[in-house]
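Tertiary structure, described
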Amino acid sequence: MSDVFDKCSNWKDYRIAKATGLYPYFRAIEASHGATEVEIEGRRVVMVGSNNYLGLSADPRVKEAAIKAVEKFGTTCSGSRLLNGTLALHEELEAKLAKFLNREAAIVISTGFQTNLALASILGRHDIVFSDRQNHASLVDGIRLSFATERKFRHNDMDHLEQLLAQAEPNAGKIIVTDGVFSMEGDLCNLPRIVELAKHYNARVMTDDAHSMGVLGDKGRGTSEYFGLEKETDLVMGTFSKSFASLGGVLAGPFEVINYIRHKARSVIFSASMTPASIAAALKALEIIEAEPQRRERLLDIAEKMHNGFRAMGFDTGVSVTPVVPVHIGDQVKCFRFWRALHEAGVFANPVIPPAVEAGHALIRTSYMATHTDAQLDRVLDTFETIGRKLNVIPETRPTVYEPVKIARPGTRVLHNKASETWAAGSAGLLADKGGLTLEQLSRMSSREVAGKLFDAVEQLTWRAANLQPDDLRKLGNAPMKLWEKRGELPGLLLEKGAHFFMRNGTNGTQSEDRN
Amino acid sequence: MALPAEPSSPATASLPPLPSDVQVTPVRGSTEKMQFIRFPYGIYKNDPNWVMPLEMERKDFLDPKKNPFFQYGEVELFLARRGGEVVGRIAAIRNPRHMEVHGTKEGFFGLFECVNDAGITRALLDAAAAWLRERGMNAMLGPANVSSNQDWGLLIDGFDTPPAIMMPHNPPYYAALLEACGLTKAKDLYAFELSSSAAPPEKVVRIAEKLRVREGVTVRPVNMKDLDAEVKRIRDIYNSAWEKNWGFVPFTDAEFDHLAKDLKAIVRPELALMAEVKGEPVAFALTVPDANQAIKAAGGRLTHFGLPIGLAKLLLASRRINRLRLIILGIKEGYRRRGLDAILYLDTLRTAKQLGYVGGEISWTLEDNHLVNRAIESMGAQRSKTYRVYQRSL
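Basis of the calculations
Residues numbered from 1 in each chain as written. Chains lettered and ligands numbered in written order. Predicted model: local features only at pLDDT ≥ 70, side-chain atom pairs only at ≥ 80, totals over all residues. Helix = DSSP H or I, 4+ residues; strand = E, 2+ residues; numbered from the N terminus. Buried ≥ 20, exposed ≤ 12 C-beta atoms within 10 Å, placed from the backbone. Contact = placed C-beta atoms within 7 Å. Pairing = 2+ DSSP bridges. Axes fitted to C-alpha atoms, helices over the stretch in contact; angles between N-to-C directions. Expected span 1.5 Å × (residues − 1). Arc of directions from axis to C-beta. pLDDT = per-residue confidence, 0-100. Parallel < 35°, antiparallel > 145°, perpendicular 65-115°, else oblique. Left-handed = near helix turned anticlockwise from the far one by under 90°. Nonpolar A, V, L, I, M, F, W, Y, C, P; charged D, E, K, R; others polar. Right-handed = clockwise from strand over helix to strand, strands pointing away.

What chain B contains, in helices and strands, is 14 helices and 15 strands. The buried share of chain B, reckoned over its 394 residues, is 40%.

Turning our attention to the overall build of chain A. Helix and strand counts for chain A stand at 20 helices and 14 strands. Looking at the 516 residues of chain A, the share that counts as buried comes to 44%. At a minimum sequence separation of 6, the contacts of chain A that also span at least 24 residues come to 73%.

Let us look at the sheet that holds strand E7 (residues 174–179) of chain A. Residues and elements named next belong to chain A. Taking strand neighbours across the sheet as the criterion, the seven strands line up as E4-E10-E9-E8-E7-E5-E6 in an open arrangement whose pairing is mixed. Single-partner strands in this sheet number two, and they are strand E4 (105–109) and strand E6 (149–153). Averaged over neighbouring strand pairs, the angle between their axes works out to 20 degrees when direction is ignored. With four bridges joining them, strand E5 (residues 128–132) and E7 adopt parallel strand pairing. Residue serine 131 lies in a different strand from E7, and its bridge partner there is valine 177. Along the sheet, helix H8 (residues 191–201) contacts E7 and strand E8 (204–208); its crossing angle with E8, the most-contacted strand, is approximately 155 degrees. Of the strands in this sheet, E4 and strand E10 (249–253) are in contact with helix H10 (residues 255–264), which crosses E4 at around 25 degrees.

Residues and elements named next belong to chain A. Between its first and last C-alpha, helix H15 (residues 374–390) extends 24 Å over 17 residues, near the 24 Å set by a 1.5 Å rise per residue. Along H15, the residues classified as buried are Val380, Phe384, Ile387 and Gly388. Summarising the axial view, the buried residues of H15 lie within an arc of 105 degrees, below the 170-degree limit, and thus occupy one face. Across H15 from its buried face, at more than 90 degrees, point the exposed residues Asp374, Ala375, Asp378 and Thr386. Residues of H15 that are buried sit in contact with strand E3 (43–47), helix H13 (294–313), strand E11 (324–330), helix H14 (332–344) and strand E12 (347–348). Asparagine 392 lies just past H15 and shows a positive phi near 60 degrees.

The next point concerns the sheet that holds strand E1 (residues 29–33) of chain A. All names here are of chain A. Strand order in the open sheet made by the four strands is E1-E2-E3-E12, with mixed pairing throughout. Each of the sheet's edge strands pairs with one partner strand only, and the pair in question is E1 and E12. Sheet topology note: the E1/strand E2 (residues 37–40) ladder contains four bridges and is antiparallel. The residue bridging histidine 33 from the neighbouring strand is glutamate 37, located in E2.

Turning next to the pairing of strand E14 (residues 362–367) of chain A. All names here are of chain A. The element E14 is largely enclosed, with a buried count of six among its six residues. Side chains Ala362, Ile364 and Thr366 of E14 all project onto a buried face; the interleaved residues Leu363, Arg365 and Ser367 project onto the opposite face, where all are buried too. Bridge count between E11 and E14: six bridges; the pairing is antiparallel. When the bridges of E14 are listed, valine 327 appears paired with isoleucine 364.

We now examine unusual backbone geometry. For the peptide bond that leads from asparagine 145 of chain B to valine 146 of chain B, omega is -10 degrees, which places it in the cis range. Going from serine 363 of chain B to tryptophan 364 of chain B, the amide bond is cis rather than trans, its omega being -15 degrees. Structurally, the position occupied by tryptophan 364 of chain B is in strand E14 (residues 359–366). Despite not being glycine, asparagine 392 of chain A has its phi angle at roughly 60 degrees, a positive value. Residue placement: asparagine 392 of chain A occurs in the loop between H15 and helix H16 (429–432). Judged by the 11 C-beta atoms lying within 10 Å of it, asparagine 392 of chain A is exposed.

This part covers the confidence of the model for chain B. Residue and element names in this part refer to chain B. The share of residues in chain B with pLDDT of 70 or more is 96%, and the mean pLDDT across the chain is 87. Below a pLDDT of 50 lies the segment residues 1–10, which in the model reaches seven contacts outside its immediate sequence neighbourhood of four places, other chains included. Taken together, the chains of this predicted complex give a pTM of 0.56 and an interface ipTM of 0.74.

As a further point, take the environment of glutamate 230 of chain A. Residues and elements named next belong to chain A. For glutamate 230, the location among the structural elements is in the loop between helix H9 (223–226) and strand E9 (235–239). Residue class for glutamate 230 comes out partly exposed when judged on the 17 C-beta atoms lying within 10 Å of it. Remark: the alpha-carbon pair of glutamate 230 and asparagine 102, spanning 128 residues in sequence, is separated by 8.0 Å. Look past the residues within four positions of glutamate 230 in its chain and what remains in contact with it is Asn102, Ser224 and Glu225.

Residue and element names in this part refer to chain B. With their axes 9 Å apart at the nearest point, helix H8 (residues 202–215) and helix H13 (residues 340–355) run at an angle of 110 degrees to one another. Taken together, the axis directions place H8 and H13 in an arrangement best described as roughly perpendicular. For the pair H8 and H13, the crossing hand works out as left-handed. From H8, Val204, Val205, Ile207, Ala208, Leu211 and Arg212 reach across to H13, where they touch Ala342, Ile343 and Leu346. Along the lines of polarity and charge, the residues of the contact of H8 with H13 split into eight nonpolar, no polar and one charged.

This part takes up the environment of proline 143 of chain B. Residues and elements named next belong to chain B. With respect to the helices and strands, the residue proline 143 is situated in the loop between strand E5 (139–142) and strand E6 (144–145). Look at proline 143 and you get buried, because 27 C-beta atoms sit within 10 Å. Sequence spacing of proline 143 and alanine 92 is 51 residues, and the spatial spacing of their C-alpha atoms is 9.7 Å. Aside from chain neighbours lying at most four places away, what touches proline 143 is Phe109, Gly110, Phe112, Trp152 and Leu154.

It is worth spelling out the packing of helix H3 (residues 60–73) of chain A against helix H12 (residues 276–291) of chain A at this point. Residue and element names in this part refer to chain A. Close contact between H3 and H12 brings their axes to 8 Å; oriented N to C, the two are set at 145 degrees. Relative to H12, H3 is oriented so that their crossing is right-handed. In contact with Arg61, Val62, Ala65, Ala66, Lys68, Ala69, Val70 and Phe73 of H3, H12 contributes Pro276, Ala277, Ile279, Ala280, Ala281, Leu283, Lys284, Ala285 and Ile288. When grouped by side-chain class, the residues that make up the contact of H3 with H12 number 14 nonpolar, no polar and three charged.

On to the pairing of E5 of chain A, then. Residues and elements named next belong to chain A. Burial of E5 is extensive: five of the five residues sit out of reach of the surface. Of the two faces of E5, the one carrying Ile128, Phe130 and Asp132 and the one carrying Val129 and Ser131 are both buried. Sheet analysis places E5 next to E6, joined by five bridges and oriented parallel. Paired with phenylalanine 130 across the bridge in E6 is arginine 151. In this view, the connection linking E5 to its parallel neighbour E6 by way of helix H6 (residues 137–145) has right-handed handedness.

Attention shifts here to the environment of histidine 416 of chain A. Residues and elements named next belong to chain A. Within the secondary structure, histidine 416 is located in the loop between H15 and H16. The class of histidine 416 is buried, set by 20 C-beta atoms lying within 10 Å. Along the chain, histidine 416 and leucine 188 lie 228 residues apart, while their C-alpha atoms are 6.3 Å from each other. Excluding residues that lie within four positions of it along the chain, histidine 416 makes contacts with Asp187, Leu188, Val319 and Val321.

Here's what the structure looks like:
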């Protein structure tokens, strides 16, 4: 007899991560000092793991607007937009956003996630949705909740998209849905080509501008403004929890479509509306985004500084062209150790492991605020360099050359940086597997097989010993000294080697669907 | 049996039919890699001449981090299975340095082992061919394990003795399998047998000794204490001497160092001879004890049930090695056709006799390298084994 709860009590990974002190999630922040620094476990750390791109969450004007709204309207609307939950503030924000985004209409929804779920309401049984494989989980769910057919194309692979479009039923309604900026690796969608294909195959286009609204484009209107393709992008989605210093989401587009969603989307009509404080904060943030373009400039300057700073040390920041700066680590356990060391040295960043990224491509994701000071940023860079060397992620000395980053500044049209060798998946099957063992595998083996494994290990040791060269022996002679020097590193090293024995290395599911 | 739907062009009409119940898949993961390494054990179960390689050595050989070939080359391994049971293996090899040196678009197949079934052989070859074609190559040579600087060629004559160190060995039926699949001869490679009990022809001795005086040739053993510098000298001679040979690709530094490191364990400095003219190293001959005699004793592993039984056997047997293989004899451009080779052969032969070796193999040479082959035969050596490199267009 199986119990629904069995999987919860049998879930080993969590217990192991917790026991080894490498559990990096749900960290409670005890206090915030201007958003760029926070207190965790009584320790003050630099925050480079938030999406508060413009640093507005700590802006006194935004705070005050929220406080005033609470005083005027109370703490909640206690109901759905459809019935009792619509305030004049909601309508004001919608009108201002529609104007800001150059659209006929806009609707604000309680969270960004629900905003994407609302997409389901316009996707009918005979429609076809073409979505990027690395789209955010909320888009994946939004499409899953609809009755439409989903066709996923390989990340930013326009040939694949075209192939799928060409194969689709010509008379079916079609829509291409993509993230504007991909949240983990920081590259942009190929909107120019998507728009071209959409025109040719008579499809609609929707971009999720969660990470680009307020960041990209001359006026901060996101990916479509950056590419000069606002008219061609039919629907634009944004969130308030990033640049807008609040909570909630917006969907903007033609009046009829938005009006339909307003009345049909279940995530709108069966959910309590945005709280007065959230709306007021978003309204004020919008005002500041329009009035202070220097924040965007500063943010992109910071992004460039950090990308190049990391690259100069020998780190790999991948394809990103945005203030999302992923630092490639590779091994999953090493990534956790890296995160732990960062945390201890006073830097808050997020480890990203499979299945959010491909196996063996674990990374530390950093993202920046326009309000970070240079001193804070230098501290982050120094910390990364020290730890990177200690954990052998970067060489002891800086490389003589590095390729400077290209940043998606207004007026440029870069999509992504050149993917480096370490990011490209190793093609040869020989490199693919290190042959680690999991406990589950071990428990399934017969005692004969276990003995075989043990004997193989002895064989390997003997072989290595028999092949020792004089040079190696000399090195071995120094080993005790070396070990003593590195004694502080030893537990971590053992942990890394040992953890592979217990943890599945995330090889199931190479593409990310569940992200963030 | 259902035949595969293939256009029956004249080229494919005569080929053996592809068996419908055999799957050829690329090797993924360490379990399959071990299956790949262990597959030959069944094939050679009853072959007294087969030398079972050390499993760990094969593992390192196929490890891109350990084998310097992978610094530039690319290898994909394939296994053929029938109902879960492995029935054949092959490697497809992309060697960009070979293509660069020879200006061709030739790829390689290698590490070929197969049960006696031409259909399976064809399936394996087709898999390798498809992999190479995908990478833009238009011809396939082989077997190469995995490059001409390691070992290559298929044994087609001389099955009665075990292979010398770093030489291939295979069942007699492989040649028929490959030929049935439309592969044709590209080149034959020869191995010669020389006994140290027979005295070298007097005429050769007389000419060589005269030369030694006239040209001022001094022959000395390699200085093991200054090995790094010596390895560099040897590499220069080697790469210059083989330059224009068919199928030759110069060693990379990493490959040569790796080979030197491997050979260092078995080499006897007395048998690594350097010839100098006025202090300049111009020729080099390397003869090593035939370690295959010892490796054979180990039975593929250094330890059995965790005990160093294989290692003990290997060490014991290594003291009883009585054969040699002359691996390299190279002369720098400009010093050839002067009889330097005869001097090196003679000195090697004399030293071998002094050290108590009964004889050995000189290998390998190209069938059409008449100059070298004649020189070897003039020493009294007999051709003992023939290896064949096959080719096929893609």
